[in-house]
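# Understanding the architecture of this molecule
Chain residues, written in single-letter form:
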Amino acid sequence: MSKRISAASLVLLMTTAAAWAAPELKMDLPDWKTTPVVDRNLGHGVHMLESFGGNIGVLAGASGVLLVDAEWPQLNSRVQDAIARIAPQPVRYVIDTHWHWDHVGGNADFARRGALVISSRETHDYIVAAQRSAKAGDAQYFPDAAAVPAFALGPGTQRFYIAGQTVEIFHAPPAHTDGDLVVRYVEADVLQTGDTFFHGFYPDIDFEHGGTIDGMIALYDILYQMCGPRTKVIPGHGPVATREDLRTYQAMLRTVRQRVAQAMARGLTEEQLIASHPLDDLDKTWGGNLVKQPYLLAIVYEDLKLHALAPHVESP
Ligand SMILES: [Zn+2]
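Quick look at the structure, then. Along each chain, residues carry numbers from 1 onward, in the same order as the chain's sequence is written. Restriction of local features to residues with pLDDT of at least 70 applies here, the model being predicted, together with a cutoff of 80 or more for giving and counting side-chain atom pairs; totals for whole chains, interfaces and linings are based on all residues.

### Looking at the overall build of the chain
Put simply, DSSP marks the helices as runs of H or I at least four residues long and the strands as runs of E at least two long, and each gets a number from the N terminus on. A tally of helices and strands in the chain yields nine helices and twelve strands. The contacts in the chain between residues at least 6 apart in sequence include a share of 64% that link residues at least 24 apart. Distance between backbone-placed C-beta atoms decides contact: two residues are in contact if it is within 7 Å.

### Digging into the sheet that holds strand β11 (residues 190-192)
By definition, two strands form a pair when at least two bridges between them are found by DSSP. Read from one edge to the other, the open sheet built from five strands follows the order β8-β9-β10-β11-β12, with strand pairing classed as mixed. Bordering the open sheet on either side are β8 (157-162) and β12 (232-234), each of which pairs with just one other strand. Strand-to-strand twist across the sheet, computed as the mean angle between neighbouring axes with direction ignored, equals 20 degrees. Every axis corresponds to a line fitted to the C-alpha atoms, with the helix fit spanning only the stretch in contact, and the corresponding angles, defined between N-to-C directions, vary from 0 to 180 degrees.

### Some thoughts on the sheet that holds strand β3 (residues 56-61)
Strand order in this open sheet of seven strands is β1-β2-β3-β4-β5-β6-β7, and the pairing throughout is mixed. The sheet is open, and its two borders are formed by β1 (38-43) and β7 (151-153), each paired with just one other strand. Strand after strand, the sheet turns through a mean of 25 degrees between neighbouring axes, direction not considered. Pairing of strand β2 (residues 46-50) with β3 involves four bridges; the strand directions are antiparallel. Bridge pairing in β3 links Leu-49 to Ile-56. Against the sheet, helix α1 (residues 76-86) makes contact with β1, β2, β3, β4 (64-68) and β5 (91-95), and its axis sits at roughly 35 degrees relative to β3, the strand it touches most.

### Side note on the packing of helix α6 (residues 243-265) against helix α9 (residues 293-306)
Where α6 contacts α9, the axes come no closer than 10 Å and their chain directions differ by 65 degrees. Taken together, the axes of α6 and α9 lie roughly perpendicular to each other. Crossing geometry of α6 relative to α9 is assigned as right-handed. Here Val-256, Arg-257, Val-260, Ala-261 and Met-264 of α6 lie close against α9, whose contacting residues are Leu-296, Leu-297, Val-300, Tyr-301 and Leu-304. Gly is put with the polar residues, along with every residue not named as nonpolar or charged; the nonpolar set is Ala, Val, Leu, Ile, Met, Phe, Trp, Tyr, Cys and Pro, and the charged set is Asp, Glu, Lys and Arg. Split into classes, the residues belonging to the contact of α6 with α9 amount to nine nonpolar, no polar and one charged. Each angle gets one of four labels, with under 35 degrees taken as roughly parallel, over 145 as roughly antiparallel, 65 to 115 as roughly perpendicular, and the rest as oblique. A clockwise turn of the near helix away from the far one marks a right-handed crossing, whereas an anticlockwise turn of less than a right angle marks a left-handed crossing.

Next comes the structure, spelled out in structure tokens:
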């Protein structure tokens, strides 16, 4: 999810002629002390830890533990406890799928215990920039060198060999952001998508940091090809998914994109688009979590406007 969002109440700041403000989701934070971290054992030493923030992937082996994403810092001790129940070895590597706080907030805690934090170059740069612009007292991205990834991956696919297994790190083309990493645990047949995929609810697209709905739609062809019929998919948020869930999600994204583009081609403003409720039929399936229809319409509208793609209407 974006650094701006996470749970129940939604505040949408809409475009006006005078001043434009990015759509914003405001979060209600949980009671951290009672927020569970649930362990899903996916086999071959790979686990998914599920809690309030982004899902964590864990690969445990004799030489140490590799983590993919690091959760909110308030949950760090619970995440550490969950990892300790999986394996006694220390966390050696933390891979950030992207820069949003609910995926990287725990970076510093793991780094101070000796882990190497790894990300894309874009994610590194966004975390550095966010720390530079943080104000005194901010609870997120406050200046802390330990929270900055120490190793940045370039384009293409990199491989880790850990615990006798192959972990492929794929730098995705722009989708949720332009620095998304997708992780494939080859022998375990598990794919971890980061926030390019929310299983069961509408997406967030960080168009201010290179994300695009067209990139999201295109990425699903790649993600599908990275999967076999029995692949378990760790989404950025939501429960473990299958290859077919990726296809279903892509179809929803296409429908949303098409309806927003059609409205823009007809000359609707963002406010008129939102007022027309074009996604009411989809809400039953996809609108039951954090991301609601008005927010999604606003970000897709702004994304298409930013990328000057409004006149193009994709066929269904
Ligand atoms: Zn995100």
